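Fold and geometry: a report
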Amino acid sequence: MVANAVTGIAASLKCALFPCQGFQGSTRRLQWRKNERQCARKAGHGVITAKFDLKPPPYQLDALEPHMSHETFEYHWGKHHRAYVDNLNKQIAGTELDGMTLEDIVFVTYNKGDLLPPFNNAAQVWNHDFFWESMKPGGGGKPSGELLDLINRDFGSFEEFVEEFKRAATTQFGSGWAWLVYKANRLDVGNAVNPRPSDEDKKLLVVKSPNAVNPLVWDYFPLLTVDVWEHAYYIDYQNRRPDYLSIFMEKLVSWEAVSSRLKSAKAEATEREIEEQRKRKEEEEYGTANSEAVEMYLENDDSEAD
Amino acid sequence: MSLSSCGSSSICSLSSGILVANDPSSKLSKRRFTPSISQPGWKQRRDSSDNNRGVSKVFGYYGLKSPPYKLDALEPYMSQRTLEVHWGLHHRGYVEALNKQLEKNDSLYGCTMDELIKVLYNNGNPFPEFNDAAQVWNHDFFWESMQPGGGDMPTLGLLQQIEKDFGSFTNFKEKFTEAALTLFGSGWVWLVLKREAKCLAIIKTSNSINPLVWNDIPITSLDMWEHAYYLDYRNDKAKYVNTFMNHLVSWNAAAVRMVRAQAFVNLGEPKIPVA
């Protein structure tokens, strides 16, 4: 999501034409986004206030009939999603969150689980953008290529993956979401460092989350989601959540979007690893330079004895 | 309204009835359980107004209790269609799921619904059966919290207590509405009588949690799961909540629950005569 209103519209048009690409760059590049924001400010536009836009789905509102009705979109996108956007804008106006990207707001307001008020709205805006782009007219079927290989590797078979995904979505009690995510193993938290990172640690997982929570906050790369808040399926399926999920898998999922997200996710994971290796090397070198200074305090150094 | 259809409390064991299996070898048929209170639900099961298309093949431990009014009685504020789906599918689904789970573990047989909920809540680390059990209780309580021609105001003692604890009935209404509209995700809003604090309070809970787990006494409730209002009001929560307050909430039921609650919570100041 882009902070500036004008570029926001441009981005949404772009997303309409290229549904997969809207989220390619949006997974975790905090550094890059901060620079972008700074550049925008320097461009001399005066005071920039962030205003998130209600991004339309990358298809017409009736394009997913009869599996997801026009009426559902009118309410789900036109009222629910719109309300999240409007309320978020109201909540962040004039605060330090104003001007941040959507993902940054989600991270910051998640606050390690002690949710700050804008979290629900911000996360729901993100989740719904991601959800619309996870579907397409004439969707469903099976994935292919690397995505299918990984699915077979991590779940046994495509059918087993579908079962697990549907099971997670069915058993998410109350409101929430079910996700397919890419987990790039990162034991590097605090003082714990993964001594032997390997490609096999990186894998696909199915997770479910309540209310507005999404896997970004657990440092996963989301690839696919299904909304299991009741408002997502009540008009078309009433309480028949399992039917909704079956139709979603068979007729709506956009495997192109998922594949392209997987590609970005892997690229970012690799980038991050390289970055971390570089940092670690730097610290080692910097550390060696410093150790000479430390030697001043050793016993055999008379100059500092006092 | 008969006492038996009032909201559950710890005195009145309103476990909704026990289906005795016809199979003589089944454990259940060895026990002689007859519901001690007449169960309107059972008789109404054969009514045409009862949408009985999903007759359960599970040997029931709990039964699906009917609301104390016909399914179209709350029109136009809560449509028959909503009752058919909400009660006939959701509530029924919870009952059947609960029974299925209890089949596997008969250590829980013999509990009243209230006891069952407290046991399953496990002090905040709930067992898997908790959600279904609590939702069965919650929905029983909710149907009984409404009546045709509901709304208006409470009277007498309940009104006095509300005015004491909220300032005025209008203020209570505002606070209740606010709680309902600020609840995020699925959940319930309750008017409860707090045992320790000895006062009325409004609380909102997520998913299936209810005030029994904190040992408080519910007086009335409002279902804020989307399935409760989506068919009639779509996303317009405010309209749903206002309609509930103005046309559906049963202050009669609330008053009876309040009276019973006072057997457990001493609200009055003792009048000690000065010698």
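Residues numbered from 1 in each chain as written. Chains lettered and ligands numbered in written order. Predicted model: local features only at pLDDT ≥ 70, side-chain atom pairs only at ≥ 80, totals over all residues. Heavy atoms only, no water.

Remarks on the overall build of chain B
Just so we agree on the cut-off: Secondary structure is summarised from DSSP: a helix means a run of H or I of at least four residues, a strand means a run of E of at least two, and numbering begins at the N terminus for each. When a residue's accessible area, from a 1.4 Å probe over protein chains only, is under 20% of the maximum for its type it is buried; when over 50% it is exposed; and in between it is partly exposed. In what follows, a contact means two residues having at least one pair of non-hydrogen atoms within 4.5 Å. Per-residue accessibility takes into account occlusion by the displayed protein chains alone, with areas from the Shrake-Rupley method and a 1.4 Å probe.
Counting its secondary structure elements, chain B contains 10 helices and three strands. Counting from the amino terminus, chain B carries its helices and strands in the arrangement α-α-α-α-α-α-α-β-β-β-α-α-α. In chain B, buried positions account for 52% of the 275 residues. For chain B, the share of sequence-separated contacts (at least 6 apart) that also reach a separation of at least 24 residues comes to 69%. Accessible surface, chain B as shown: approximately 12800 Å² in total, 52% of it carbon and sulfur.

What to know about the environment of A179(B)
Residues and elements named next belong to chain B. Within the secondary structure, A179 is located in helix α7 (residues 169-182). Judged by its relative accessible area of 11%, A179 falls in the buried class. Placed 10 residues apart in sequence, A179 and V189 show a C-alpha to C-alpha distance of 6.8 Å.

Overview of the sheet that holds strand β1 (residues 176-183) of chain A
Residues and elements named next belong to chain A. Spelled out, the test is: Should DSSP find at least two bridges between two strands, the strands are taken to pair. An axis is simply a line fitted to the C-alpha atoms; with a helix, the fit covers only the stretch in contact. Between two such axes, the angle follows the N-to-C directions and lies from 0 to 180 degrees.
Spatially, β2-β1-β3 is the arrangement adopted by the three strands of the open sheet, whose pairing is antiparallel. The open sheet is flanked by β2 (203-210) and β3 (221-227), the only strands paired with a single partner. Each neighbouring strand pair of the sheet contributes to a mean axis angle of 20 degrees, computed without reference to strand direction. Here β1 pairs with β3 via six bridges, running antiparallel. Across the sheet, the residue bridging to W179 is T225, located in β3.

Quick look at the UniProt feature "domain: Manganese/iron superoxide dismutase C-terminal" (unreviewed entry) in chain B
Note the following rule: UniProt positions are given in the numbering used here, feature names are shortened, and annotations may be inferred rather than shown by experiment.
The sites that carry the UniProt feature "domain: Manganese/iron superoxide dismutase C-terminal" (unreviewed entry) are, in the present numbering, residues 157-255 of chain B. As annotated, residues 157-255 of chain B has a helix share of 49% and a strand share of 23%, and its two end C-alpha atoms lie 8 Å apart.

Some details on the packing of aromatic side chains
Operational definition: Centres within 6.5 Å are what make two rings of Phe, Tyr or Trp a pair, Trp counting through its six-membered ring; a difference in plane orientation under 30 degrees is then read as stacked, over 60 as edge-to-face, and the rest as tilted. Both a distance and an angle decide whether a charge sits over a ring: NZ of Lys or CZ of Arg must be within 6 Å of the ring centre and within 35 degrees of the ring normal.
A full pass over the atoms with the stated rule returns 37 aromatic pairs over all chains. Seen from their ring centres, F130(A) and W179(A) are 5.9 Å apart, and the 40 degrees between their planes marks the pair as tilted. Of the two residues, F130(A) is situated in helix α5 (residues 118-132) and W179(A) in strand β1; the sequence distance between them amounts to 49 residues. Clustering of aromatic rings is evident, with ring pairs tying together W137(B), F141(B), F142(B), W143(B), F166(B), F169(B), F172(B), F176(B), W188(B), W190(B), F244(B) and W251(B). Over the ring of W77(A) we find R82(A), and its NZ or CZ is 5.4 Å from the ring centre. The ring of Y75(A) has R234(B) sitting right over it, with the charged end atom 5.4 Å from the ring centre.

Topic: the pattern of salt bridges
Opposite charge on two side chains allows them to pair when their charged atoms are near. Test applied: Salt bridge criterion: a side-chain nitrogen from Lys or Arg within 4 Å of a carboxyl oxygen from Asp or Glu.
Tallying each qualifying case throughout the model produces 13 salt bridges over all chains. Measuring nitrogen to oxygen at the nearest pair gives 2.2 Å for the salt bridge that ties K266(A) to E146(A). A residue pair is termed long-range when its members are at least 10 positions apart, and K266(A) in helix α10 (residues 255-294) and E146(A) in helix α6 (residues 145-155) qualify at 120 residues. Note that K194(B) is salt-bridged to D216(B), the shortest N-O span being 3.6 Å.

A few points about the interface of chain B and chain A
For clarity, the threshold we go by: Accessible area, probed at 1.4 Å, shrinks when two parts are joined; the buried area is that loss added up over both. N or O atoms closer than or at 3.5 Å make up a polar contact, with two conditions inside protein: a donor-capable atom paired with an acceptor-capable one, and, for residues adjacent in sequence, both atoms drawn from side chains. Three classes are used: nonpolar for Ala, Val, Leu, Ile, Met, Phe, Trp, Tyr, Cys and Pro, charged for Asp, Glu, Lys and Arg, and polar for all others, with Gly counted as polar.
If you look at the interface, chain B gives 19 residues, while chain A gives 19 residues. The junction of chain B with chain A conceals about 1800 Å² of combined surface from both sides, 58% of it contributed by carbon and sulfur atoms. Considering only the side of chain B, the residues that lose the most area to chain A are F184(B), E226(B) and Y230(B), jointly responsible for 37% of the buried surface there. Here chain B is connected to chain A by one salt bridge. The shortest N-O distance in the salt bridge between R234(B) and E71(A) comes to 2.5 Å. The interface formed by chain B and chain A holds eight residue pairs in polar contact (both at pLDDT 80 or more) in total. For the side of chain B that touches chain A, the secondary structure elements donating two or more residues are α3 (80-104), α5 (129-144) and α8 (226-233) of chain B. Of the residues contributing to the side of chain B that touches chain A, the split by class is seven nonpolar, nine polar and three charged.

Points about the UniProt feature "domain: Manganese/iron superoxide dismutase N-terminal" (unreviewed entry) in chain B
The UniProt record marks residues 62-146 of chain B with the feature "domain: Manganese/iron superoxide dismutase N-terminal" (unreviewed entry), using the residue numbering of this structure. Annotation note: span residues 62-146 of chain B, helix share 59%, strand share 0%, distance between end C-alpha atoms 22 Å.

A few points about the UniProt feature "domain: Manganese/iron superoxide dismutase N-terminal" (unreviewed entry) in chain A
Under the feature "domain: Manganese/iron superoxide dismutase N-terminal" (unreviewed entry), the UniProt entry names residues 51-135 of chain A. Taken end to end, residues 51-135 of chain A is 55% helix and 0% strand, and its first and last C-alpha atoms sit 26 Å apart.

Observations regarding the environment of G88(B)
Here G88(B) shows up in helix α3. Taking the C-alpha atoms as reference points, G88(B) and L71(B), separated by 17 residues in sequence, lie 9.7 Å from one another.

Some thoughts on the sheet that holds strand β2 (residues 199-206) of chain B
Residues and elements named next belong to chain B. Taking strand neighbours across the sheet as the criterion, the three strands line up as β2-β1-β3 in an open arrangement whose pairing is antiparallel. With partners counted over all chains shown, the strands left at the sheet margins are β2 and β3 (217-223), one partner each. Strand-to-strand twist across the sheet, computed as the mean angle between neighbouring axes with direction ignored, equals 20 degrees. In the sheet, strand β1 (residues 187-194) pairs with β3 via six bridges, with the strands oriented antiparallel. Considered in β3, the bridge of W188 is made with D223. Of the strands in this sheet, β1 and β3 are in contact with α5, which crosses β3 at around 90 degrees.

What about the confidence of the model for chain B?
Let me state the cut-off plainly: Here pLDDT means the predictor's own confidence in every residue, given as a number from 0 to 100.
Residue-level pLDDT values for chain B average 82, and 78% of them are 70 or greater. Low confidence marks residues 1-52 of chain B, where pLDDT is under 50. Its contacts with residues over four positions away, or in another chain, come to 91 contacts.

Quick notes on unusual backbone geometry
Of note, the bond from E65(A) into P66(A) is cis; its omega dihedral lies within 30 degrees of zero at -10 degrees. E75(B) connects to P76(B) through a cis peptide bond whose omega is -5 degrees. Turning to its location among the elements, P76(B) is positioned in the loop between α2 (40-44) and α3. A positive phi angle is found at N122(B), which is not glycine, with a value near 55 degrees. On the secondary structure map, N122(B) appears in the loop between α4 (113-121) and α5. Residue N122(B) is classed as partly exposed on the basis of its relative accessible area of 31%.

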